[in-house]
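# Understanding the architecture of this molecule
In case you want the letters, here they are:
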Amino acid sequence: MNIHEYQAKQIFAEYGVPTPRGIVANTIEEAVEAAKELGGNIWVVKAQIHAGGRGLGGGVKLAKSIEEVEKYADEILGMTLVTHQTGPEGKLVQKVYIEEGADIKDELYLGVVLDRAKEMPVIMASTEGGMEIEKVAEETPDKIVKVAVDPAIGFQGFHGRELVFGLGITDKAEQRKFIDFASKLYQVYMDKDAEMIEINPLIKTGTGDFLALDGKMGFDDSALFRHPEIEAMRDITEEDPDEREAAKYGLSYIALDGEIGCMVNGAGLAMGTMDTINYMGGTPANFLDVGGKANAETVAKGFEIILKNPNVKAIFVNIFGGIVRCDRIANGILEATKMVDVHVPVIVRLDGTNAEEASEILKNANIANVIPATDLADGAQKAVAAAKGELS
Amino acid sequence: MSILVNKDTKVIVQGFTGGEGTFHAEQCMAYGTQIVGGVTPNKGGQAHLGKPVFNTVKDAVEATGATVSMVFVPPAFVADAVMEAADAGIELAVIITEGAPVRDMQKAKAYAVKHGMMTIGPNCPGVITAEECKIGIMPGNIFKKGNVGLISKSGTLTYEGANQVVKEGYGITTAVGIGGDPIIGLSYKQLLPMFEADPETEAIVMIGEIGGDLEIQAAKFIKENITKPVVAFIAGQTAPKGKRMGHAGAIVSGSAGTAKEKMDALEAAGVKVVVSPAEIGKAVAEVLKK
């Protein structure tokens, strides 16, 4: 789960991670009020969406008067912001964050993520703030300082020293401030079960202070049960409605841009099915894992969600029955076709326990657009042919 | 022969009396696994499925001599259970539980390593030595005895792969589902040398997926250490970047962890890489006939 910049900064503030002062606004009036309350003579109006690259897309504006705050809030609120992370359809901006202007001397990067190879959180810092960190990692990897922290000992002095010397921070007061900043950020990461934190840019001001000018946080979904305060920050308008609907029924769904709907048990086999369709010359319309309990209700819901996508020309149901026997799943699929109007060909491959009985059930049911397949290759081939209208 | 577990392995079940624990312990016993007891706090002294229940893993190990634990404890408590097993001297914990917080598993795995306990999973189907011992939730009947070792991040792809191998007239020595979480226990790199050393295993199937770099590490290891033929499939060639594909660990972050880079690395290491899981069986037959 991800949260907005203003929410990440609220969390930072709780931990004493320095950020510029700011107020979130839902309307133009609120934006003007916020600017007045913050005072000063320079403000930044920032679109709040769950995607990076907002500045380039026109979602971040510097305002030098209250009138400009009003003008930019008007422009940004309600706009569909397109960035390299939103996809071409963009995202509707419903909130702006009004922040006091900052005196930027240097732009740095600071992040915390899980290093899967080391199996520890790793703090990543770079002098190349404001740039896409993946680009920096590819082009000038020596400009990224990585310090893994073993949670068994927590953030120690040497972690801090490796960071500041790696970044070339020589002023002792600045070193102290940066180390304090990084250690607090590490604590946020651990305490909140974050999956990633990214501050890009983290700025150094003219007075040698460090401030989180941006803030991005993602959380481990499996740990949300112990963080109601994070769950409360969920913005459902940022999530795909079909993915959300699917999740309610224990289905894991991700829309893609192809023509063959997929319904599979198990995430690995679901990806493998997409890959096989692609290999056979077709295009998968979605990833869908129905989980361990493929029954009439879940299959019906799966059909419903897949068929919302108007590009779908055929559906490939690929189930490997293990503990749940295939004959039961076959009956479930037949029932599901009665519950949902399935107007495209459905290729059904059931393998595993009681596969032969299942195949008999499907054959005997003799439903026009339900086509049995013998194995994964056969099923994928038939689905590709059906999507092209070549399956009689 | 086989790796990790066999017909003599003594197994306890943590989360024995719960719904999942009961159902799968029963299935494992029917397969022939020596389930010697289980652990459920406050139910010590009772019997369940005809086996003794203990309050702690320590009590269970002392009374039964079990060396392996199959863990069905709910996600919020699973790390605690795994650390308890390590502390009690269990040699291998097979963690079936899905949805364990990453931070918890980080801690539990580090503790297990420190105590010399191997772990498999979490979020995995478990381990099975064909026709001898099943510790997990896989359908046992698919796994016929044979000469192919299998390592997989995915449950259903394990079944798919094993089923194809059997249909080609071969069979399985041991199959290990290592799980699809960001932090897992035994991985390719630890399991490959076990299969290399197992005289009955003549070929190895490894099934990976997008995310992380375990398959890349495996490729390096295979190049230097493995003489037996390896067949590999990497799921997620068509997965979009930045999206989590069902498994918590199956995500391409930035440009790292793609199927392509893993397939290329494995191919360069001399592994027979198939583009579709539908070809695993045929590829195994091919490498075994050579």
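Residues numbered from 1 in each chain as written. Chains lettered and ligands numbered in written order. Predicted model: local features only at pLDDT ≥ 70, side-chain atom pairs only at ≥ 80, totals over all residues.

## Digging into the overall build of chain B
Counting its secondary structure elements, chain B contains nine helices and 14 strands. With respect to the three principal axes, the spread of C-alpha positions in chain B is 55 × 40 × 30 Å. For chain B, with 290 residues in total, the buried portion stands at 61%. Look at the contacts in chain B between residues 6 or more apart in sequence, and 71% of them connect residues 24 or more apart. (Helix = DSSP H or I, 4+ residues; strand = E, 2+ residues; numbered from the N terminus. Buried ≥ 20, exposed ≤ 12 C-beta atoms within 10 Å, placed from the backbone. Contact = placed C-beta atoms within 7 Å.)

## Quick word on the overall build of chain A
When its secondary structure is counted, chain A shows 13 helices and 18 strands. Its C-alpha atoms give chain A principal-axis dimensions of about 80 × 50 × 40 Å. Across chain A, contacts joining residues at least 24 apart in sequence account for 69% of those joining residues at least 6 apart.

## Notes on the interface of chain B and chain A
With 50 residues of chain B at the contact, the number on the chain A side is 43 residues. Counting residues per element, the ones that place at least two in the side of chain B that touches chain A are α4 (102-114), α5 (155-167), β12 (203-209) and β13 (230-235) of chain B. A per-class count over the side of chain B that touches chain A returns 25 nonpolar, 17 polar and eight charged. (Nonpolar A, V, L, I, M, F, W, Y, C, P; charged D, E, K, R; others polar.)

## Focus: the packing of helix α2 (residues 28-38) of chain A against helix α3 (residues 66-76) of chain A
Residues and elements named next belong to chain A. Packing of α2 against α3 leaves a shortest axis separation of 9 Å and a crossing angle of 145°. Where α2 crosses over α3, the handedness of that crossing is right-handed. In this structure, α2 uses I28, A31, V32, A35 and K36 to contact α3, whose residues at the interface are I66, V69, E70, A73 and D74. Residue composition of the contact of α2 with α3, grouped by class: seven nonpolar, no polar and three charged. (Axes fitted to C-alpha atoms, helices over the stretch in contact; angles between N-to-C directions. Left-handed = near helix turned anticlockwise from the far one by under 90°.)

## Observations concerning the sheet that holds strand β4 (residues 51-54) of chain B
All names here are of chain B. The sheet built from seven strands is open, its strands ordered β3-β4-β2-β1-β5-β6-β7 with mixed pairing. Of all strands in the sheet, those bounded by a partner on one side alone are β3 (47-48) and β7 (118-120). Relative to strand β5 (residues 68-71), strand β1 (residues 10-14) runs parallel, the two sharing four bridges. Across the sheet, residue Q14 finds its bridge partner in β5, namely V71. (Pairing = 2+ DSSP bridges.)

## Points about the environment of I179 of chain A
Residue and element names in this part refer to chain A. Relative to the elements of secondary structure, I179 occurs in helix α6 (residues 172-191). We classify I179 as partly exposed; it has 18 C-beta atoms within 10 Å. Distance from I179 to Q10, taken between C-alpha atoms, is 20 Å for residues 169 residues apart in sequence. Residue contacts for I179: discarding those within four places in its chain leaves G160, L163 and V164.

## A few points about the domain arrangement of chain B
Residues and elements named next belong to chain B. Splitting chain B by domain gives domain 1 (10-120) and domain 2 (138-289). Across the boundary between the two partners, domain 1 contributes eight residues, which contact eight residues of domain 2. For the side of domain 1 that touches domain 2, the secondary-structure elements that each account for two or more residues are α4 and β7. With four residues, the single largest contributor to the side of domain 1 that touches domain 2 is α4. Tallied by class, residues from the side of domain 1 that touches domain 2 come to five nonpolar, two polar and one charged. (Domains from an automatic or database assignment.)

## Regarding the sheet that holds strand β8 (residues 126-129) of chain B
All names here are of chain B. Ordered by their spatial adjacency, seven strands build an open sheet running β9-β8-β11-β10-β12-β13-β14, and the pairing between neighbours is mixed. Because the sheet does not close on itself, it has two edges, and the strands there are β9 (133-136) and β14 (272-274). Strand-to-strand twist across the sheet, computed as the mean angle between neighbouring axes with direction ignored, equals 15°. The pairing of β13 with β14 spans three bridges and is classified as parallel. Bridged to F233 within β14 is V274. Here helix α8 (residues 259-268) sits on the sheet in contact with β12, β13 and β14, set at roughly 170° to β13.

## Quick word on the packing of helix α3 (residues 78-87) of chain B against α4 of chain B
All names here are of chain B. At a minimum axis distance of 9 Å, the contact between α3 and α4 shows a crossing angle of 5°. Here α4 runs roughly parallel to α3, going by the angle between their axes. Residue-level inspection shows A79, V82, M83 and A86 of α3 in contact with α4, the latter providing D104, M105, K107, A108, Y111 and A112. Tallied by class, the residues present in the contact of α3 with α4 amount to eight nonpolar, no polar and two charged. (Parallel < 35°, antiparallel > 145°, perpendicular 65-115°, else oblique.)

## As for the nonpolar core
Counting 164 residues, the largest nonpolar core has V71, V82 and V94 of chain B as the members making the most contacts within it. Considering every element that reaches this core, the biggest residue donor is α3 of chain B, with seven residues. In terms of nonpolar packing, the next biggest core, distinct from the first, is built from 40 residues, V17, I169, I199 and I230 of chain A among them. (Core = buried A, V, L, I, M, F, W, Y, C linked by C-beta atoms within 7 Å.)

## Structural notes on helix α9 (residues 267-279) of chain A
Residue and element names in this part refer to chain A. Look at α9: 18 Å from first C-alpha to last across 13 residues, which is about the 18 Å you get at 1.5 Å a residue. For α9, a buried count of eleven out of 13 residues is recorded, marking the element as mostly surrounded by other parts of the structure. Here α9 has its buried residues at A267, G268, L269, A270, M271, G272, T273, M274, D275, T276 and I277. At the C-terminal side of α9, G281 shows a positive phi close to 95°. (Expected span 1.5 Å × (residues − 1).)

## A closer look at the confidence of the model for chain B
Interpreting fine coordinate detail is not advised for predicted regions of low pLDDT. For chain B, per-residue confidence averages 95 on the pLDDT scale, and residues scoring 70 or more make up 100% of the total. What the predictor reports for the complex is a pTM of 0.93 with an ipTM of 0.92. (pLDDT = per-residue confidence, 0-100.)

## Let's talk about unusual backbone geometry
Of note, the amide linkage connecting N200 of chain A to P201 of chain A takes the cis form, showing an omega dihedral of 10°. Along the chain, P201 of chain A turns up in strand β10 (residues 194-205). Cis geometry marks the peptide bond from G121 of chain B to P122 of chain B, where omega comes out at 10°. Tracing the sequence through the fold places P122 of chain B in the loop between β7 and β8.

## Description of the pairing of strand β2 (residues 43-47) of chain A
Residue and element names in this part refer to chain A. Buried residues dominate β2, accounting for five of its five residues. Across the two faces of β2 the burial is the same, with W43, V45 and A47 and V44 and K46 all buried. Bridging between β2 and strand β3 (residues 60-63) involves four bridges; their strand directions are antiparallel. Each bridged residue has a counterpart across the sheet, and for K46 the counterpart in β3 is V60.

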